[in-house]
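Here is how the chains run, residue by residue.
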Amino acid sequence: MLIIPAIDLKDGKCVRLKQGRMEDDTVFSDDPVATAQHWVNEGARRLHLVDLNGAFAGTPIHKPVVEAIAKAQPELPIQIGGGIRSLETIEHYLDAGVSFVIIGTKAVQNPEFVEEACKKFAGHIIVGIDAINGMVATDGWANVTDVKATDLAKRFADAGVSSIVYTDIARDGMMQGVNVEQTVNLAQYSGLPVIASGGVTNLDDVRNLKGKPGILGAITGRAIYEGTLNLREAQLLLDEQGF
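What counts and how
- Residues numbered from 1 in each chain as written.
- Predicted model: local features only at pLDDT ≥ 70, side-chain atom pairs only at ≥ 80, totals over all residues.
- Heavy atoms only, no water.
- Axes fitted to C-alpha atoms, helices over the stretch in contact; angles between N-to-C directions.
- Helix = DSSP H or I, 4+ residues; strand = E, 2+ residues; numbered from the N terminus.
- Left-handed = near helix turned anticlockwise from the far one by under 90°.
- Contact = heavy atoms within 4.5 Å.
- Nonpolar A, V, L, I, M, F, W, Y, C, P; charged D, E, K, R; others polar.
- Buried < 20%, exposed > 50% of the residue type's maximum accessible area, 1.4 Å probe, protein only.
- Arc of directions from axis to C-beta.
- Core = buried A, V, L, I, M, F, W, Y, C linked by side-chain atoms within 4.5 Å.
- UniProt positions renumbered as here; feature names shortened; annotations may be inferred.

Visitor: Mind showing me how you'd approach the packing of helix α4 (residues 87-95) against helix α6 (residues 111-120) here?
Guide: The axes of two packed helices give the description: the angle between them and the distance between them. With their axes 11 Å apart at the nearest point, α4 and α6 run at an angle of 35° to one another. When the axes of α4 and α6 are compared, the crossing they make is right-handed. In contact with Leu87, Ile90 and Glu91 of α4, α6 contributes Phe113, Glu116, Ala117 and Lys120. A breakdown of the residues in the contact of α4 with α6 according to their chemical character gives four nonpolar, no polar and three charged.

This is the structure in structure tokens:
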């Protein structure tokens, strides 16, 4: 199981939002490349990048920043989400050195696109499922659909998806703990590896997730930026216990 630092990009800066609200942000750094290096120095084995402006615009806005991070960390697996709506964008990111591309809104609007992407870029596609009260939200979480998160995950069970990033929007950036039950349920229902996102606050959250079936990792943002979770300590805990 991996503890994955999040680098959320807004207006060229590294920020954290509360429940996905663009107007409710905290700026942690104006140098995302240096921030990435910091987490690598702290033992990160993968990075989670989100183009927040891109998610709302429906097209990538922070390509140069993502490219710079990938160039600076050529050996580190990087996953990127936000505004990815075309095969050309996916190819661009993979060519730039990114390991995994996260398809979110497009996965809801056009599931066949995910299947096509999985065929063309086998092993590099992650589906991002962001939900509130179990229902999927799209377009930077601005629109809540009538699609159940579990149903969407099940839709891609045999598509060749590498994993799912599951975010509980109500807990994202709120430091209220991970929704372990829903995250594990999604993994079991879909049969796909799931990366938990939203609410990771301290070592207790890591302990609650470790060893759970189907959990590949956990994304953490505000907790490691504000110091309630030590990245190196969390990963060491998992390594010592064989997770």
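Visitor: Looking at this structure, I do not really get helix α3 (residues 63-72). What am I missing?
Guide: Think of an α-helix as 3.6 residues a turn; residues three or four steps apart then line up on the same face. When we look at burial in α3, the residues that qualify are Val65, Val66, Ile69 and Ala70. Projected down its long axis, α3 carries its buried residues within an arc of 135°, all on one side. In α3, the exposed positions angled more than 90 degrees off the buried face are occupied by Pro64 and Lys71. Elements in contact with the buried residues of α3: β1 (2-10), α1 (32-41), β4 (47-51), β5 (78-81) and α4.

Visitor: Can you help me understand the nonpolar core in this one?
Guide: The nonpolar side chains of soluble globular proteins are, as a tendency, buried together. Ile7, Leu47, Ile90, Ile129 and Ile164 are the most contacted members of the largest nonpolar core, which totals 67 residues. Core analysis: the next-biggest nonpolar cluster, separate from the first, contains nine residues, Ile4, Phe100, Ile126 and Val165 among them.

Visitor: Just checking my understanding: could you explain the UniProt feature "active site" (unreviewed entry) in the chain for this structure?
Guide: When the UniProt feature table is mapped onto this chain numbering, "active site" (unreviewed entry) sits at Asp8 and Asp130. By the secondary structure assignment, Asp8 is in strand β1. Given a relative accessible area of 8%, Asp8 falls into the buried group. When sequence neighbours within four positions are dropped, the list of residues in contact with Asp8 reads Lys13, Cys14, Val15, Arg16, Val50 and Leu52. Inspection of the secondary structure assignment puts Asp130 in strand β7 (residues 125-132). On the basis of relative accessible area, Asp130 is assigned to the buried category, the value being 18%.

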